[in-house]
Amino acid sequence: MSDGGKFLNPYTFVPAFPRDGLPRELGDGSPLGRDPGKPGGGSGRDRLHSDRWTGRIGVTLTVETPLLLLDTARAAPLSDDADGHRVYPVRLRNGRPHLPATSVKGMLRAAYEAVTDSRFGVFDGHDARLGFRRGADDALEMVPVRVHAEGVLLEYDVASLEMYDKKSGRSIYPKQGQEAPRHLERLSALISGSAKKGAKVIRFVRSDSSEKLSPRPGERIVEGFAYVTGPNIEGKRYERFFYTERQGKQRALPLAHEWSTLVTDWTLLIQNYRDAHHDKELYGRPAADGRVADPGERIGDGPGQLAWSPQIHDKEWMKLEPGMFCYARRKENKVDRLYPVLIPRDLYQVAPVDLLSASLAPAAHIGELSPADRVFGWVAPSGSGVRPAAYRGRLRVGPVTCDQDADEAVERFDGDGLPLAILSRPKPQQGRFYLAESQKKPDQPIGDGASKEELYRQGQGLRGRKVYWHHIERDWRRHWSEGQGKVDPSQVRTGVNYREYRRPRAPLDDSGRQDAKQGQRYETGREEQRDTQNRSIKGWVRRETTFRFSVEVRDLDAHELGALAWLLTLPQGHYHRLGLGRPLGFGSVRLDVDEENTELHSGEEYAAYYRDFSATLPSGGGLKALHRARETFADMVADVPSLVAARDALLAVSCGNPELPVHYPRTRPEWWSGDASPPPDPRGRNYAWFTENERQEGAETVPGRGRSLPSPTGSGAPLIAYPDKKDDDNDSQNRGGNERGASRRDPTRLGGGRKGRGNSRPG
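This brings us to the packing of aromatic side chains. Following the criterion strictly, the structure yields 33 aromatic pairs and no others. Taken together, the ring pairs connect Phe7, Tyr11, Phe13, Phe433, Tyr434, Trp689, Phe690 and Tyr722 into an aromatic cluster. Above the face of the Tyr11 ring, Lys466 is positioned so that its terminal group lies 4.2 Å from the ring centre. Across the ring face of Trp476, the terminal group of Arg543 is positioned such that the distance to the ring centre comes to 4.2 Å.

Moving on: the sheet that holds strand S24 (residues 418-419). Strand order in this open sheet of 4 strands is S4-S5-S28-S24, and the pairing throughout is mixed. Of all strands in the sheet, those bounded by a partner on one side alone are strand S4 (76-77) and S24. Here S4 pairs with strand S5 (residues 86-88) via 2 bridges, running antiparallel. Looking across to S5, one finds that Pro77 is bridged to Arg86.

This paragraph deals with the sheet that holds strand S11 (residues 157-162). Strand order in the closed barrel made by the 5 strands is S11-S13-S12-S14-S15, with mixed pairing throughout. Pairs of neighbouring strands in the sheet enclose a mean axial angle of 50 degrees, with direction left out of account. Where strand S14 (residues 219-227) and strand S15 (residues 238-245) come together, 6 bridges link them in antiparallel fashion. Within S15, the position partnered with Ala226 by the bridge is Phe241.

Turning next to the pattern of salt bridges. Taken as a whole and assessed by the stated rule, the structure comprises 59 salt bridges. Of the charged contacts in the structure, one is a salt bridge between Arg683 and Asp681, with a shortest N-O distance of 2.8 Å. Overall, Arg683 belongs to the buried group, its relative accessible area being 11%. Classification of Asp681 by relative accessible area gives buried; the value is 15%. Salt bridges sharing common partners tie together Arg129, Arg134, Asp138, Asp265, Arg329, Asp336, Arg337, Asp346 and Glu453.

Here we come to the side chain of Ser490. Tracing the sequence through the fold places Ser490 in the loop between helix H8 (476-479) and strand S28 (536-537). Within the structure, Ser490 has its side chain in polar contact with the side chain of Asp488 (distance 3.0 Å). Among the polar contacts made by the side chain of Ser490, one reaches the side chain of Gln491 at a distance of 3.3 Å. For Ser490, the residues in contact, after removing those within four places along its chain, are Tyr498, Arg499, Arg502, Pro504 and Pro680.

Per-residue confidence for the protein chain averages 89 on the pLDDT scale, and 92% of its residues sit at or above 70. Predicted confidence for residues 727-763 stays below pLDDT 50, and this span has 153 contacts to residues more than four positions away or in other chains.

A few words now on helix H12 (residues 641-655). Side chains of residues three or four places apart in an α-helix project in the same direction, reflecting 3.6 residues per turn. Between its first and last C-alpha atoms H12 spans 21 Å; for 15 residues at 1.5 Å apiece the expected length is 21 Å, and the two agree. Within H12, 11 of the 15 residues are buried, leaving the element largely enclosed by the surrounding structure. Ser642, Leu643, Val644, Ala645, Ala646, Ala649, Leu650, Leu651, Ala652, Val653 and Ser654 are the residues of H12 that are buried. Of the residues one or two after H12, Gly656 is the one with positive phi, at around 80 degrees.

The subject of this paragraph is the nonpolar core. In terms of nonpolar packing, the biggest core is built from 63 residues, with Ile57, Leu61, Leu108, Phe547, Phe549 and Val551 touching the most fellow members. Once you skip the residues sitting within four places of it in the chain, Ile57 turns out to touch Phe549, Ser550, Val551, Leu561, Leu564, Leu568, Val593, Asn597, Thr598, Leu600 and Leu626.

On to helix H9 (residues 558-568). A large share of H9 lies buried, amounting to 10 of its 11 residues. Inspection of H9 places His559, Glu560, Leu561, Gly562, Ala563, Leu564, Ala565, Trp566, Leu567 and Leu568 among the buried residues, and these make up the whole buried set. For H9, the N-terminal capping position is held by Asp557, with its side-chain oxygen 3.0 Å away from the main-chain nitrogen of His559.

Looking down a regular strand, the side chains alternate between one sheet face and the other. Counted residue by residue, strand S12 (residues 186-192) has 5 buried out of 7 residues, so it is predominantly covered. As paired elements, S12 and S14 share 7 bridges and run antiparallel to each other. Within the sheet, the bridge partner assigned to Ser192 lies in S14 and is Glu219. Sheet analysis places S12 next to strand S13 (residues 199-206), joined by 6 bridges and oriented antiparallel. Residue pairing in the sheet places Ala189 in a bridge with Phe204 of S13. Between the end of S12 and the start of S13, which pair antiparallel, lie 6 residues, with Gly193 showing a positive phi angle near 80 degrees.

Basis of the calculations
- Residues numbered from 1 in each chain as written.
- Predicted model: local features only at pLDDT ≥ 70, side-chain atom pairs only at ≥ 80, totals over all residues.
- Heavy atoms only, no water.
- Phe/Tyr/Trp six-rings, centres within 6.5 Å; stacked < 30°, edge-to-face > 60°.
- Lys NZ or Arg CZ within 6 Å of the ring centre and 35° of its normal.
- Pairing = 2+ DSSP bridges.
- Helix = DSSP H or I, 4+ residues; strand = E, 2+ residues; numbered from the N terminus.
- Axes fitted to C-alpha atoms, helices over the stretch in contact; angles between N-to-C directions.
- Salt bridge = Lys/Arg side-chain N within 4 Å of Asp/Glu carboxyl O.
- Buried < 20%, exposed > 50% of the residue type's maximum accessible area, 1.4 Å probe, protein only.
- Polar contact = N/O pair within 3.5 Å; in protein donor to acceptor, adjacent residues only side chain to side chain.
- Contact = heavy atoms within 4.5 Å.
- pLDDT = per-residue confidence, 0-100.
- Expected span 1.5 Å × (residues − 1).
- Core = buried A, V, L, I, M, F, W, Y, C linked by side-chain atoms within 4.5 Å.

Here's what the structure looks like:
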């Protein structure tokens, strides 16, 4: 299969346009019969309106790709009781797979919001500015400073202070009868070289020591402070020594902003460092002797074993007060921002919520409900204090039943089950994937090549609602199996795709070398990778399993019912996405209307029925009513460009692309010669593509890099797998492993080391 290394990212976006120009039927307003101006507002359920529809729609759900229905209450540890990894069985009720009605309703609501361009039902947790990692070249603007007094920053020079063994990464102290210097400890030191060309500490004595330093030619004595961030990088050798020449006069740096602004920005930045980690990561690591390790302690090699940088866990770093050392970024010779390390994280200018059109924000009160709110229900934003604070909606998904019992419907895995690939949390800080040119053009991504610093700025917009591509696989039996023989199943292409859902077996070493016997795949052993980053499953719901449920509706107008009908009758070959593991290909399901279990009647028909109890409700017209409503909605959409764009994006994603594989971005190893996407890297170096995408030459993004996520409807070239670059410039921006703040490449040559390894998956 030749795809030129092109691929589809597992997720993309259905554009969400500002709602100002929508047809009246899709505009904001109270539910019919509710009057927010009256006490209590009225129930809105006291009558059925003559031109609206009430009844039941029968639906058959057919599984197209295996469905993950996991019973979290019965998760168990591995048979060898490995720490943290859990194995999940399939959720069953009465001997059949159990699909909660709430899951189906949630799936339908998300799609309904997208196709009607409704308000977001929920948009919590997006009111904080996001962080990003600055590049190594940004360090050229940094100078070491000390907070002398409120609003007074004194400039220092910096030298490298050897602290760790080059090979082992362990402390070289005690050395020459001295203990290791502590953070911010005052020292006198012999140094060689200059701050601009890489000064180095030859020897030091503590300020209260009676020992004298004797400089040799090319050496001099200076006074300063140790700046110690700990063994937080693989191969780290040096810490910093901030110093001033004995005869030199320190210079106070002018500020570009008020001191209070610098302090606020510092506090938000340090909090951002901390929010990136769970308490268990920091305070729950077991040391070799059985105790709980200190966050600043190195307990081994590799991710999770190195020391955490102090700004992540030490409360003292939250306070920017006299005596504190840090780095200052100068813009036009004035201090613009303050940072804890030389190549730091930084904060974007605005938070995601600031880029969301007010017309798309969750409804603040019942008078501004959008179609999805009026049909599916609404809850007022937390802390709003409005009354009424919720609306039940006019749609209910009945119990979901499976047609097959577990023996027929469930694919089971023996032993400790099948290890899933790592699923990561969303990372909206990858602004190239989440941002649009403007609020009015959510279908137009940010232009390729923009610098990271230009992301999340006023004037930009959000792409819309996240959706997941349907994975097309012609040989589905082979793809959704473990394959044959001793070859790692994750390394075998089964058609368009690899088995992206399965975590590769453990690599034989960390070189990422090719399997010489098999060729065109990574060399892995027999050991499975099971740890806290992934989970294992004892089974999944098989393809072609069917579920049945009913959708009960009450008093929907033709457009409201029509949008629902459109979603329940997608063209053949189009699928909704349901359940866990959707980025890995799980959970494509087909919805079809069950005519025999569908009955819909207008309010006028109900009125006639209740006027004369001897009359009967007409039967057999439900499907026709549904079809007419669907056409009414489709005709309206065709006249509104923003709705057409959302419709076309949803259709494109729900049918997939048969020409391109779907997987998280990854690079091509040096030995890869095929004209196609490479197999999954067993080392989990998923960050490498994003690092390469940010590659710069000087202050400019390298041509062909800085790619944004293409539109799902085909505008823009597909993403490609970049060649794997393993030089120091690339490693300096590695976000994996344990270190989240100290420099990996120091342009002033005062430190450095190899990257930490990890499984971070941005996006």
